[in-house]
Amino acid sequence: MSTDDAHDPKFGEYGGQYVPEALMPAIEELTDAYERYVLHNEDGFMDDFRERLADFGGRPTPLQYAEQLSERYDTEVYLKREDLLHGGAHKLNNALGQVLLAKYMGKERIIAETGAGQHGTATAMAAAHLDMPCEIYMGETDIARQRPNVFRMRINGAEVNPVTVGRGTLKEAISETMRDWATTVENTHYVIGSVVGPHPFPKMVRDFQAVISEEAREQAIEKTGGLPDSVVACAGGGSNTMGAFAEFVDDESVALVAVEAGGSSLTVDEEQGVAPNSATLSTGNEGVLHGARTKLLQDSDGQIMESHSVSAGLDYAGVGPELAHLVDEGRVTPVNVDDEVALEAFHRLSQDEGVIPALETAHAFGYLEENHDELGDIVVVNVSGRGDKDLETVIEETSKRDLDIAPDMSILNRVGGGL
Amino acid sequence: MGLERAFADEPAFVPYLAAGDPNYEDSLEYVEALAAGGADVIELGLPFSEPIAEGKTIQDAIVRSLESGMTPGRFFEFVGDLDVDVPLVCMTYYNLIYQYGDEEGPRPFVEKAAEVGIEGFVVPDLPAEEAGPLREACDEFGLDLVFIVAPTTRGDRLERMMEQVSGYVYVQARLGVTGARDDVDDATEASLARLSDWDVPKAVGFGIKTGDHAAEIVAAGADGIIVGSALVDIVAEGEANGDPTEATADRLESLARELKEGALRGAQERPQPERT
C-alpha cells in the first residue's frame, strides 16, 4: 500500500484541488478519512475491504498464461483476469472501497458517474451489498450504447439519471455529478470512477486498484521466477492502468505501457472542438478539468474538446494526474491504437483465447498485436473487463467495416432473430 | 484594487450575465440595460465548456454564448465595446485563465483583462489553496480577486480566504449550484455572521430573484446582492419567444431597478444600533 502523504495533493505539477468552494470541506473530510482508514487501517477498514474483495468480489483474480497468443507472438503473454472479478471489470475494486469508506464516514447516500457503465454497475453492486441508496449519472449517448449495464444498475436498485447536455458522454456526466454533490455534500459521497478528480481521489482510487498489480507481481514471480518485461494496460481516465502499474513503478526493469484510444484519427478538428480520439496522454496538453490539473484534450483557448472512441469507457478528454506525471517522467510510455485495430483485437482474443474482452481492454491487445517485438520476453496484459456489455457496439461497428477476422454473423439474419 | 468603492455608500447591486448570450450584439445591450437599471458592479461571465458550479439556467446561457462564437479574445473585445460606467468583474473557470497567451500561467490573461478595463475576477473552481499564482498576477496589475464563501466553509479555510480576498467576498447563500429560488435560505445569516470581522464588503448571491429577497438579505447584514439566474432567465425567455432586443433589455432594466430598490429598502430595515 502507498506510503504517500495523504495531504500532498500533487504529482509534480499535476493534481491539486480545483473545485467549487462548497465541496472543499467534503474534500478535506475525505482526505482525512483516506489517511485514517486507507493508509492507517483505522478500525480495521482495510482488513474489512480486503475480506469483502475476496468474498464478495472474488479476488484474487488469476494471472493466466495465454497459450495461443504466446505462440502467435513468440512471447510469454499473461492475462491479468480482472474480467473475472464480480461485475466483470476491475471497477469493483474502487467502487467497493469507496462505498465502504463512505459507510465508515457515516455518509447516507452514494452518487456516481459512469461512461461505459462498468463503474456505475460496480457502484450499484457495492451500494446494494452495503445497503446504501445510490444514484448514477450517465450521458444519453452512453445509455444508448451501453444498455446492458443500464439494466444491471437498475436491477441492483440504483437510480440512473440521464445527462442530456453536450454530447452526453462521460465528461458531461462527471460535471453533472459534481453539481449534485455541491448540493448534497453534507450527507452524500461521490464515488469517482477513475484516478481523476480533485485530491485525494487520484491517490485513493489508485490505492484501491493497486491490488491488481500487487497480485500480478506476486503471481508473475511465482509463475515465471521473475518480473515481467512489460505491463500493458488500456488508458482512459486511467484506473485500471494505475492499478496495473502501481506496484511495478519502482521496478525499473519493467516497461509500463499505457494504450489509449486513437479513435478514428489523431488529427483534431479545432473549429468544431472535436478530437476524434481519446489519446490524452499522447496528444493532450496541461490544463485544469474536473478538479485537477492534468493533461487534457482542449482547444487553444482552453475549451475542453469532445473526445471519441469506439469504447465508451475510454471516451474522456482528461486523464489521471499521476499518469500524466509518470509520462512526463518517462516512467510510463503512452501509445495508442485506433478503433479498427481495437475491434480486430476484440475478435482475435475472443477466438484465440476464449476471452471476450471489453472494448477498452481490446485496445491493449491491439497494441500487443502490432508491437509485441518491442515488449520483451514476458508480457502481462491487464484484462480490465469483459466484453458482454459491448456486444451491441461490436456487432454494429464490425458490420460497418471489412474485417477479415470477424465471424460471419449472417446466421442471425437467416433464423430471423437477434441478440 | 478598487471594487470596494462600489459598496461604500449604500448596498451594492451586482448582476451577472454571460457575455455573448445569446449573441454578441444583443448581449452588449443587455449588459448596458443592467447598468441603466442601477448596477454597481457587473459580473460578466466568460463561458467555459465545463461549468461545474452552475445550474441549468446559466449552463444554458453558456452554451448559447459559446455557440454564438464567444472566446476569451472576443470577450476582451466585448468589454472594450461596452458603453457602461460601472466596474466590471470577469467570472470564469480557471482553465481559460491558465491557457491564455503564450506564457504558462494566469499572468497574460490578467494583463489583458487589466488592459481592457476589467477590475477583478471570480473563479468558482479556484479555491484559496490553488489561487496563489492568480493572486500574484492580480497584485501585479492592480485587480481584485473575489472568493466565494460557501455555507460549508469553516475554520482554517476561512482564514486562508480572508488573507487572499479583495474587492468583495461572494457569500453563497445556500449549498448547490447557481439558480433562482423562491425563498431566502437560513444559511445566509449564519454565513454573514461568520464573516462579521472581515474588512471587505460581503455580497450575497445564489438564488436571489426579487426585490423582496434583496431587501431581506440586505436587512440581514449583507453589503450587496449578486443576481445571475433570474436575469439570465429573462434573456432566455426573450430568445425563446423571439422578442425584440429592446423589449428584453427593458425587462432586464426593470428587474435590475426592482433589485436595486429592494437592496436600498433592506438597508432602511436594518435593526438600528441602540444609542447609549
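Scope of this entry: the structure provided in the associated data block.

Procedures and definitions
Residues numbered from 1 in each chain as written. Chains lettered and ligands numbered in written order. Predicted model: local features only at pLDDT ≥ 70, side-chain atom pairs only at ≥ 80, totals over all residues. Heavy atoms only, no water. Phe/Tyr/Trp six-rings, centres within 6.5 Å; stacked < 30°, edge-to-face > 60°. Buried < 20%, exposed > 50% of the residue type's maximum accessible area, 1.4 Å probe, protein only. Lys NZ or Arg CZ within 6 Å of the ring centre and 35° of its normal. Axes fitted to C-alpha atoms, helices over the stretch in contact; angles between N-to-C directions. Helix = DSSP H or I, 4+ residues; strand = E, 2+ residues; numbered from the N terminus. Parallel < 35°, antiparallel > 145°, perpendicular 65-115°, else oblique. Left-handed = near helix turned anticlockwise from the far one by under 90°. Contact = heavy atoms within 4.5 Å. Nonpolar A, V, L, I, M, F, W, Y, C, P; charged D, E, K, R; others polar. Pairing = 2+ DSSP bridges. Buried area = accessible area lost by both parts, 1.4 Å probe. Salt bridge = Lys/Arg side-chain N within 4 Å of Asp/Glu carboxyl O. Polar contact = N/O pair within 3.5 Å; in protein donor to acceptor, adjacent residues only side chain to side chain. Arc of directions from axis to C-beta. Core = buried A, V, L, I, M, F, W, Y, C linked by side-chain atoms within 4.5 Å.

**A word on the packing of aromatic side chains**
Pairs of aromatic rings are described using the distance from one ring centre to the other and the angle between the two planes. Taken as a whole, this structure holds 21 aromatic pairs over all chains when the rule is applied. Aromatic pair Tyr-37 of chain A and Phe-45 of chain A: ring centres 6.0 Å apart, planes at 50°, arrangement tilted. Residue class for Tyr-37 of chain A comes out buried when judged on its relative accessible area of 6%. Ring pairing ties together the aromatic residues Tyr-37, Phe-45, Phe-49, Tyr-104 and Phe-208 of chain A, which thus form one cluster. Between Lys-203 of chain A and the ring centre of Phe-11 of chain A, over which it is positioned, the NZ or CZ distance is 5.4 Å. Directly above the ring of Tyr-24 of chain B sits Arg-74 of chain B, whose terminal nitrogen or CZ lies 4.0 Å from the centroid.

**Observations concerning the packing of helix α4 (residues 91–104) of chain A against helix α5 (residues 118–129) of chain A**
Residues and elements named next belong to chain A. Direction vectors running N to C along α4 and α5 enclose 40°, while the axes themselves pass 8 Å from each other. The angle between α4 and α5 falls in the class oblique. Crossing handedness for the pair α4 and α5: right-handed. Taken together, the residues of α5 that come into contact with α4 (itself represented by Lys-91, Leu-92, Asn-94, Ala-95, Leu-96 and Val-99) are Gln-118, His-119, Ala-122, Thr-123, Ala-126, Ala-127 and His-129. Of the residues belonging to the contact of α4 with α5, the class tally is seven nonpolar, five polar and one charged.

**A short note on the sheet that holds strand β3 (residues 63–65) of chain A**
Residue and element names in this part refer to chain A. The strand order β3-β4-β14-β9-β10-β13 describes an open sheet built from six strands, whose pairing is mixed. Bordering the open sheet on either side are β3 and β13 (332–338), each of which pairs with just one other strand. Neighbour-to-neighbour, the strand axes of this sheet turn through a mean angle of 30°, independent of strand direction. As judged from the seven bridges shared by strand β10 (residues 255–263) and β13, these two strands associate in the parallel manner. Residue pairing across strands places Ala-261 opposite Val-337, the latter belonging to β13. In the packing of helix α14 (residues 339–353) onto the sheet, contacts are made with β3, β10 and β13, and the angle to β13 comes to roughly 90°. Contacts between helix α15 (residues 359–371) and the sheet are confined to β4 (76–81), β9 (230–234), β10, β13 and β14 (378–383), with β14 contributing the most and set at about 160° to the helix.

**Thoughts on the interface of chain B and chain A**
At the interface, 36 residues of chain B touch 34 residues of chain A. In total, chain B and chain A occlude about 2,800 Å² of area from one another, counting both sides; carbon and sulfur atoms represent 51% of this. Summed over the three residues of chain B that lose the most area to chain A, namely Glu-50, Ile-52 and Glu-130 of chain B, the buried surface amounts to 23% of that side. Seen at the junction of chain B and chain A, the total is five salt bridges. We note a salt bridge from Arg-157 of chain B to Glu-21 of chain A, for which the minimum N-O separation is 2.5 Å. For the pair chain B and chain A, the number of links is 22 residue pairs in polar contact (both at pLDDT 80 or more). Counting residues per element, the ones that place at least two in the side of chain B that touches chain A are α2 (56–67), α4 (94–99), β6 (148–149) and α7 (155–164) of chain B.

**Here's the deal with helix α7 (residues 147–155) of chain A**
Residue and element names in this part refer to chain A. Those residues of α7 lying buried are Asn-149, Val-150 and Met-153. In a view along the axis of α7, the buried residues occupy a sector of 105°, so they form one face of it. Along α7, exposed side chains directed more than 90 degrees from the buried face belong to Phe-151 and Ile-155. Looking at the buried positions of α7, the neighbouring elements they touch are β5 (109–114), α5, β6 (134–139), α6 (140–145) and β7 (159–163). The first or second residue beyond α7 is Gly-157, which carries a positive phi of 95°.

**Looking at the nonpolar core**
Grouped burial of nonpolar side chains is what soluble globular proteins tend to show. If you look at the biggest cluster of nonpolar residues, it comprises 166 residues, and the most contacted ones within it are Leu-44, Phe-75, Phe-121, Tyr-168 and Ile-225 of chain B. Residue contributions to this core peak at nine residues, all from helix α1 (residues 24–39) of chain A. In this structure, Phe-75 of chain B is in contact with Ala-19, Leu-44, Gly-45, Leu-46, Met-70, Cys-90 and Ile-118 of chain B, ignoring residues within four places of it in sequence. Formed by 30 residues, the second largest nonpolar core is a distinct cluster that contains Val-77, Val-259, Val-379 and Val-381 of chain A.

**Overview of the sheet that holds β6 of chain A**
Across a sheet, paired strands are connected by hydrogen bonds in the backbone, their directions being either parallel or antiparallel. Residue and element names in this part refer to chain A. Taken in spatial order, the four strands make up an open sheet running β7-β6-β5-β8, and their pairing is parallel. Both edges of this open sheet fall to β7 and β8 (188–191), since each of them pairs with a single strand only. Going across the sheet, the axis of each strand differs from the next one's by a mean of 25°, ignoring polarity. Where β5 meets β6, five bridges bridge the pair, whose relative direction is parallel. Considered in β6, the bridge of Ala-112 is made with Ile-136. Against the sheet, α4 engages β5 and β8, with an angle of about 165° to β8.

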